[in-house]
Each structure stands twice: as C-alpha cells, then as structure tokens.
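Commentary on secondary and tertiary structure
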Amino acid sequence: MTDPALLAAVEFARAAAREHAGTEVGPHVEVRAEDSVSATHLFDADKPGYRGWRWAVTVAIAEAGDDVTVSEVVLLPGPDALVAPPWIPWQDRVRAGDLGVGDLLPTDPDDPRLAPAYLASDDPEVEQLAMEVGLGRVRVLSRLGRLDAADRWKVGEFGPGSDMARGAPAACGTCGFYLPVAGSLGAAFGVCGNEISPADGRAVHAGYGCGAHSEADVEQISPVLVAELIYDDARLDVEPHAEAAADTADEAEAGTVDEAGTADEQAGEPSEESVDQAVAAVAQGELADEPSGQPESNQQG
Ligand code: SF4
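All of these numbers come straight from a predicted model, not from anything done at the bench.

1. Quick look at the pairing of strand β8 (residues 189-192)
Summarising the sheet, strand β7 (residues 178-180) and β8 pair through three bridges and their orientation is antiparallel. Counted as the bridge partner of Tyr178 is Cys192 from β8. Pairing analysis gives three bridges linking β8 to strand β9 (residues 203-205), with the strands arranged antiparallel. Bridge pairing links Gly190 to Val204 in β9.

2. Details of the site of the ligand
Within the structure, the ligand sits among 14 residues, and Cys172, Cys175, Cys192, Asn194 and Cys210 are positioned closest to it. Taken together, the residues that form the shell around the ligand break down as ten nonpolar, four polar and no charged.

3. Comments concerning the nonpolar core
Among the nonpolar cores identified, the biggest contains 15 residues, and Ala13, Ala16, Ala17, Trp55, Val57, Val59 and Val73 are the most heavily contacted of them. Secondary-structure elements contributing two or more residues to this core are α2 (10-21), β2 (38-45) and β3 (53-60). Looking at this core element by element, the count peaks at five residues for β3. In contact with Val73, not counting residues within four places along its chain, are Ala16, Ala17, His20, Trp55 and Val57. By size, the runner-up hydrophobic cluster in this structure holds 13 residues, among which are Ala168, Cys172, Cys175 and Tyr208.

4. So, the pairing of β2
In the sheet, strand β1 (residues 25-35) pairs with β2 via seven bridges, with the strands oriented antiparallel. By the bridge assignment, Val25 is partnered in β2 with Ala45. Between β1 and β2, which pair antiparallel one after the other, the connecting turn spans two residues. The sheet contact formed by β2 and β3 spans seven bridges and is antiparallel. Bridge pairing links Leu42 to Ala56 in β3.

Conventions we followed
All chains use their own residue numbering, which begins from 1 and follows the written sequence. For a predicted model such as this one, the threshold for reporting local features is a pLDDT of at least 70, and the threshold for listing and counting side-chain atom pairs is 80 or more; totals across whole chains, interfaces and linings nevertheless cover every residue. A pair of strands is considered paired only if DSSP assigns at least 2 bridges between the two. Secondary structure elements follow DSSP: runs of H or I of four or more residues count as helices, runs of E of two or more count as strands, with numbering from the N terminus. Any residue qualifies as near a molecule or strand once its backbone-derived C-beta atom lies within 6 Å of it. For this classification, Asp, Glu, Lys and Arg are treated as charged, while Ala, Val, Leu, Ile, Met, Phe, Trp, Tyr, Cys and Pro are nonpolar and the rest, including Gly, are polar. Put simply, a nonpolar core is a cluster of buried Ala, Val, Leu, Ile, Met, Phe, Trp, Tyr and Cys residues tied together by C-beta atoms within 7 Å. To assign burial, the other C-beta atoms lying within 10 Å of each residue's own C-beta are counted, with C-beta atoms placed from the backbone; 20 or more indicates buried, 12 or fewer indicates exposed, and intermediate counts indicate partly exposed. Contact between residues is assigned whenever the C-beta positions, reconstructed from backbone atoms, fall within 7 Å.

The values reported here are purely geometric and, on their own, carry no functional implication.
If you want it as structure tokens, here you go:
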C-alpha cells in the first residue's frame, strides 16, 4: 500500500513542477500509486503546442515517516494529447509503388517469400551453365511466396472478379493470346500477349477476360439503320388490265353488270365481283402467254 504522505503531497509536487516549467503548470489531474514508496502526481501542462500533455511529478520516500522527495519531473502525453504516430521500421513501411528509378530495396536474408535454390557450386563454369539452363539463381520463390503472389493476383486488377472480367465474352484460359506461366502457378495464371488488351504483358488469372478475346464473336450489322421489310397483305391493290377492262365493257353492254356494281366502280371502289373478274382475266391472259407444250408448227396449223 502506498504511503498516504505520498498521495497527499500535491502542493509539494506542484512546486517541483513549477520549478521546472514556471507558469506552464495547470490544475492537478490525478495521482497514481507506483508502489509502496512512490507515487506520481499529474498536472495539466499549460504549454503552447502541447494540448493534452501533462507534467508528471514522481515523489518518493525511503521508508515510512521519512520526508517526501522528488524523483523526477517529466512532460507526458495524456489520453487526448496530439502525438506522432508509432514509429515503424522503414522495411515495414515500404509499399508497392514506392520504389523509384535508382532506388535500392535489399531483400531480407530471411525473407519467408524466398527459399534457397538447389544448385550450390563454387565453379564459375558450372554457374555459367546453370544460368543458361535456368538453374543458377541463389534463391527462388518459396511456397509461401507463390501463394502470396497467387492471392494478390487473383484479387487484383486482372483477377476473375474484376469489372472487365465480368463483362468479357470469355475467359483468358480459352484465349489464343494467353501464355501460361511455367511451374505450379501455370495452372491458374498466364501472361496476356495481346497488345490491344489492357492486360498486355501482365500476369492474368485464367478466369480473367476482356473484350479482345481471340474468339470473341461480334454480330456483323449494317452501319446504316435499315427498316425491316414488311408485307402489307391486309388490302388488295387492283391494277387495271387491258383485256379485263375490255371484258368488263362487253359485259356492261350485255347488261350483265348490275347497277350496284356499276355505281361502285363509278365511285372509284371496285366491287367484289369485278375484282374476281379482273383476277380471272389476268389468269386467262397468263395462260395464253404460256407455251402450250405443242410444237410451234402444230399450233399454227
Ligand atoms: S486478350 Fe483479353 S481474354 Fe485474351 S489473354 Fe489477353 S486479357 Fe485475356
């Protein structure tokens, strides 16, 4: 239990704070017991630029009944103080896109995304040959590194969930411009080789796609709007025919045309009967035009 004399030493602590800060010491805020022989008194700091900070005066005694003494006076941030964000090591602060031309960003020797390559040699000729056949790297992507890359690429701009992929006619996996990558990632990723595509030269997921897909089928339509051809069969147009007109005149003379029909035709509206007669006359004329199938000499004879 903290000595009561320490908890009660408010004015003693204030005097110590004023000795350091002059008039920049505000009201007493609280006292915190540190242990049985020490406690800290907190005062608002009335200091320009330090809103929410506090003067912390730690007082102590050697043993019960001794005089209270001052251990330290420091300025500390309170819960509402404006403080700098926590410090983060630079290698943890670097983000994609931060690397500029000429910048160096050494990889951690223990980077879990990398694993040692299998070839280890101190013979320069072996190393030269290994480089030529693609074996000479010191480290390669570890399983964690490959999974990391696959996760990132899948949810990225060229993944199957992007807007472009959702509007594509088909997926990259069926596209002639799709170049599968080597190794285990080849099951799901490739590089786009279509210069028209926004993904040209980029790693794309097999489920991604774009409108430049090699097999995209576009309906060929006229660049000019053409109205659809419509047949109007709701009405019969009657064309005057010379022979039909002659027949009608003969019948009129013979008194076979009734008065109603004559009136209709005079009014410009052909009657049903006259239409039938006109059609029959046309049919007769067409039959007469057709060859009879007999030799011409026979017809004349
Ligand atoms: S052209 Fe389009 S569909 Fe074809 S590989 Fe490239 S991004 Fe995929």
